[in-house]
Each structure stands twice: as C-alpha cells, then as structure tokens.
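Inside the fold
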Amino acid sequence: MTATPSNVNAAELAKFSALASRWWDPTSEFKPLHAINPLRLNWIEEIAGPLAGRRILDVGCGGGILSESMAAKGANVTGIDLADKPLSVARLHSLESGVKVEYRRIAVETLASEKPGQFDVVTCMEMLEHVPDPASVVRACSTLVKPGGHVFLSTLNRNLKSFLQAIVAAEFVLRLLPRGTHDYEQFLKPSELASAARGAGLNVTHLQGFTYNPLTDVYSLTPNTDVNYLMATYRPLAN
C-alpha cells in the first residue's frame, strides 16, 4: 500500500477548515453530526462489542466528535485527517475534555503503509463522499485493520431521493448544512461501496440507514438506506 497524495480534494479541505471553529458547537452547521453521533457510536459497539481497551482508528476524524466519544468508552483512539484547522480544534477539545485521543495529519494510504494490521476497529464516517477515490480509502482501511477486526463506513446513497433530501432540503430549505457541503456526483450507492469493500478483502455484514424527521428534529436508525447509510464490514481471519 503506497500513499496516494492525489486522493485529496483541496476544496473539500478548505470547506471544512473554514468551519473548524464551530465543530463542537451543537447548534452550528455540525448539529447533524452531534445528533447522529450517539446512534452511530451505539451501533458500532453493538456490532464490534465493548470498545474499552480496543485500538481504534478514526479516518477523516475532523474535529474529533466520534473519536472522543469512542475514547470516552475506554478505547485507545487515533484520529487522522488532512485538514489542519479541524485537527487543531480536535486537539484543543481533547485537552479541555480530558479525553485522550492521538491526532495525526496523515493520509490513510500513508498510514496503511506504516501500520498495517494494527487496529481492532477502523471507522470512516461521512468522509468517502468528499474524496476523489473512495475505493482507495476503503483498501487502506482494510489494510489497517487486524484480521478479524471491523471496518465501519458511512456515506450517502446516490438517487433522486438522496439529492432532494441531502442537498435540496438539508442545504437549501431546512439549512441544516452549509450550501455546497455535498456534491451529488460523489455519492455512493450501497452496491458500489459493498463492491469496493469486497474488492479490498472485507466481508459486508450489516447495512443500516439514518432517517431525519424535520417536525420533531430527531434522527433515527432505520432499515431504509435511500439517503444516509452505515455499512459494517470485517476482515476475515487468515486460513
């Protein structure tokens, strides 16, 4: 596994860097991340088992919302990202909260060359739709996880419903997210992500959707994967 510096979208890094100072404000543009974090954290633990004592990598960690929540469960967490400002915010919040997380500015492909098979769990949430080559990220995640370990992925489905809900409604009507947060062409169908996972040597075990009720302002897990979805995979043990 070699580094792929080209697997970076400079505009995407700049977009999230500009919002970095508001990452931990639950009323800011990152309100949806704060709202779904307990759901995805519980889902990860239900599948992978207790996180305490496990070595976990959070790919595309941003300001560290998921990273810190897993570390608070007793996990030994490393969070990686390529955007300096969100990482600075993540490090500062870790100091303030007292929840220890190791943060590094490094490409996942580069880390895969450095630490193959070193993590019990790898997470890559809400990140694949922001890179030019998501399959490269999935391959690196597979390289980084131990045989028998879990890789958790999440992204957005690509269809008319996801366009209307994730872009038109979320960015323009309800203003849950800043305009331009998502590029529809970068969305991934579950079949495409599953194919990338299998091509990377991972077995797909669970598929779960998210739903949002604008009337109650509540997010829930659902079997419906038409818009946002989570995928659980594991790396088989060697024969």
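Residues numbered from 1 in each chain as written. Predicted model: local features only at pLDDT ≥ 70, side-chain atom pairs only at ≥ 80, totals over all residues. Heavy atoms only, no water.

1. Points about the overall build of the chain
A tally of regular secondary structure across the chain gives eight helices and eight strands. The buried share of the chain, reckoned over its 239 residues, is 50%. Carbon and sulfur atoms make up 54% of the accessible area of the chain, which totals about 10,700 Å². (Helix = DSSP H or I, 4+ residues; strand = E, 2+ residues; numbered from the N terminus. Buried < 20%, exposed > 50% of the residue type's maximum accessible area, 1.4 Å probe, protein only. Areas by Shrake-Rupley, 256 points an atom, 1.4 Å probe, with all protein chains shown as cover.)

2. Regarding the nonpolar core
Formed by 30 residues in total, the largest nonpolar core has its most connected members in Trp43, Ile44, Leu51, Ile56, Met70, Val77 and Phe152. Elements with a minimum of two residues in this core: helix H2 (31-48), helix H3 (65-71), helix H4 (84-97) and strand S8 (228-234). Take this core: its biggest share by element is seven residues, from H2. Not counting residues up to four positions away in its chain, the partners in contact with valine 77 are Ile56, Ser67, Met70, Ala71, Val101 and Glu102. Grouped together as the second largest cluster of nonpolar side chains are 29 residues, Phe119, Leu128, Leu193 and Tyr229 included. (Core = buried A, V, L, I, M, F, W, Y, C linked by side-chain atoms within 4.5 Å. Contact = heavy atoms within 4.5 Å.)

3. Some remarks on the pairing of strand S7 (residues 218-222)
Taken together, the five bridges between strand S6 (residues 203-213) and S7 define a ladder with antiparallel strand orientation. Opposite asparagine 213, over in S7, you have valine 218 as the bridge partner. Hairpin connection between S6 and S7: a loop of four residues separates the two successive antiparallel strands, and aspartate 217 in this loop has a positive phi of roughly 60 degrees. (Pairing = 2+ DSSP bridges.)

4. Quick word on the packing of aromatic side chains
Enumeration according to the criterion identifies three aromatic pairs in this entry. Their ring planes at 35 degrees and their centres at 4.5 Å tell us that tyrosine 212 and tyrosine 219 sit as a pair that is tilted. Looking at tyrosine 212, the relative accessible area reads 22%, which means it is partly exposed. Tyrosine 219 sits in the buried class, given a relative accessible area of 18%. Across the ring face of phenylalanine 119, the terminal group of arginine 55 is positioned such that the distance to the ring centre comes to 4.9 Å. (Phe/Tyr/Trp six-rings, centres within 6.5 Å; stacked < 30°, edge-to-face > 60°. Lys NZ or Arg CZ within 6 Å of the ring centre and 35° of its normal.)

5. Here we look at the sheet that holds strand S4 (residues 119-124)
If you trace the eight strands from one edge of the open sheet to the other, you get S3-S2-S1-S4-S5-S8-S6-S7, paired in mixed fashion. Of all strands in the sheet, those with a lone pairing partner are strand S3 (102-105) and S7, marking the two edges. Between one strand axis and the next, the sheet turns through 20 degrees on average, direction left out of account. Where S4 lies against strand S5 (residues 145-156), five bridges are found, and the strand directions are parallel. Each bridged residue has a counterpart across the sheet, and for valine 122 the counterpart in S5 is valine 151. Running over the sheet, helix H8 (residues 190-199) touches S5, S6 and S8 and is turned about 20 degrees from S8. (Axes fitted to C-alpha atoms, helices over the stretch in contact; angles between N-to-C directions.)

6. Observations concerning the environment of serine 94
For serine 94, the location among the structural elements is in helix H4. Sequence-distant contacts of serine 94, that is, excluding residues within four places in its chain, are made with Glu68, Val99, Lys100, Val101 and Tyr103. For serine 94, the side chain forms a polar contact with the main-chain oxygen of valine 99, separated by 2.5 Å. (Polar contact = N/O pair within 3.5 Å; in protein donor to acceptor, adjacent residues only side chain to side chain.)

7. Remarks on the pairing of strand S2 (residues 76-81)
For S2, the tally of buried residues reaches five of six residues, placing the bulk of the element in the interior. Viewed along the sheet, the connection from strand S1 (residues 55-59) through H3 into S2 turns out right-handed. Examined bridge by bridge, S2 and S3 share four bridges and lie parallel to one another. Bridging across to S3, threonine 78 finds its partner in glutamate 102. (Right-handed = clockwise from strand over helix to strand, strands pointing away.)

8. Topic: H4
Side chains of residues three or four places apart in an α-helix project in the same direction, reflecting 3.6 residues per turn. Counted at 1.5 Å a residue, the expected span for H4 with its 14 residues is 20 Å, and the 20 Å between its end C-alpha atoms agrees. By the burial criterion, the buried members of H4 are Pro86, Leu87, Ala90, His93 and Ser94. Along H4, the residues classed as buried sweep out an arc of 125 degrees about the axis, all on the same side. Of the exposed residues in H4, the ones pointing more than 90 degrees away from its buried face are Lys85, Leu95 and Glu96. Glycine 98, located one to two residues past H4, shows a positive phi value of around 80 degrees. (Expected span 1.5 Å × (residues − 1). Arc of directions from axis to C-beta.)

9. So, the side chain of serine 28
In this fold, serine 28 is placed in the loop between helix H1 (10-18) and H2. There is a polar contact of 2.7 Å between the side chain of serine 28 and the backbone oxygen of aspartate 25.

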